[in-house]
Amino acid sequence: QVQLVESGGGLVQPGGSLRLSCTGSGSIFAINDMGWYRQAPGNQRELVATFTSGGFAVYADSVKGRFTISRDNAKKTVYLQMSSLKPEDTAIYYCKANIRTSWTESDDYWGQGTQVTVSS
């Protein structure tokens, strides 16, 4: 069984910073790619930033230059450093990973989400 657990969300003023963390646990053979999505009320879930299976970082245009994704493979953890936060960044942030549980089996897994609220 695989679990992804996020942490680090909260309330922050416009212009502030937050760092999100997501750690995988359970029957993880390897992690192919890992990243962050978000969903604001009334909107569809959208990509924020992710590492591709080739190890490249991909960002949504709306967060380029403000957010930085990083990872610690040994800890099975991905981070999202968010700076210069705007009210429109308010959303539930979800971690998503494509995880290999054996040589032949892999699947997409989601965390439970962490709320980020940007407001004065």
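Residues numbered from 1 in each chain as written. Predicted model: local features only at pLDDT ≥ 70, side-chain atom pairs only at ≥ 80, totals over all residues. Heavy atoms only, no water.

Chemist: Just checking my understanding: could you explain the pairing of strand 9 (residues 91-100) for this structure?
Modeler: Along any regular strand the residues' side chains alternate between the sheet's two faces. Counting buried positions over the 10 residues of strand 9 gives 8, a clear majority of the element. Bridge analysis of strand 4 (residues 30-39) against strand 9 gives 9 bridges, and the strand direction is antiparallel. Counterpart to W36 in the pairing with strand 9 is C95. Bridge count between strand 9 and strand 10 (residues 106-110): 5 bridges; the pairing is antiparallel. (Buried < 20%, exposed > 50% of the residue type's maximum accessible area, 1.4 Å probe, protein only. Helix = DSSP H or I, 4+ residues; strand = E, 2+ residues; numbered from the N terminus. Pairing = 2+ DSSP bridges.)

Chemist: I would appreciate a short explanation of the packing of aromatic side chains in the present structure.
Modeler: Think of a pair of aromatic rings as described by two things: how far the centres are apart, and how the planes are tilted against each other in angle. On inspection of all chains with the given rule, the structure shows 3 aromatic pairs. Pairing Y37 with W110 gives two aromatic rings, centres 5.2 Å apart and planes at 65 degrees, and the pair type is edge-to-face. Here the residue Y37 occupies a position in strand 4, and W110 occupies one in strand 10, the gap between them amounting to 73 residues. An aromatic cluster is defined as three or more aromatic residues linked by ring pairs; in this entry it consists of Y37, Y94 and W110. Above the plane of the ring of Y94 lies R45, whose end atom (NZ or CZ) is 3.7 Å from the centre. (Phe/Tyr/Trp six-rings, centres within 6.5 Å; stacked < 30°, edge-to-face > 60°. Lys NZ or Arg CZ within 6 Å of the ring centre and 35° of its normal.)

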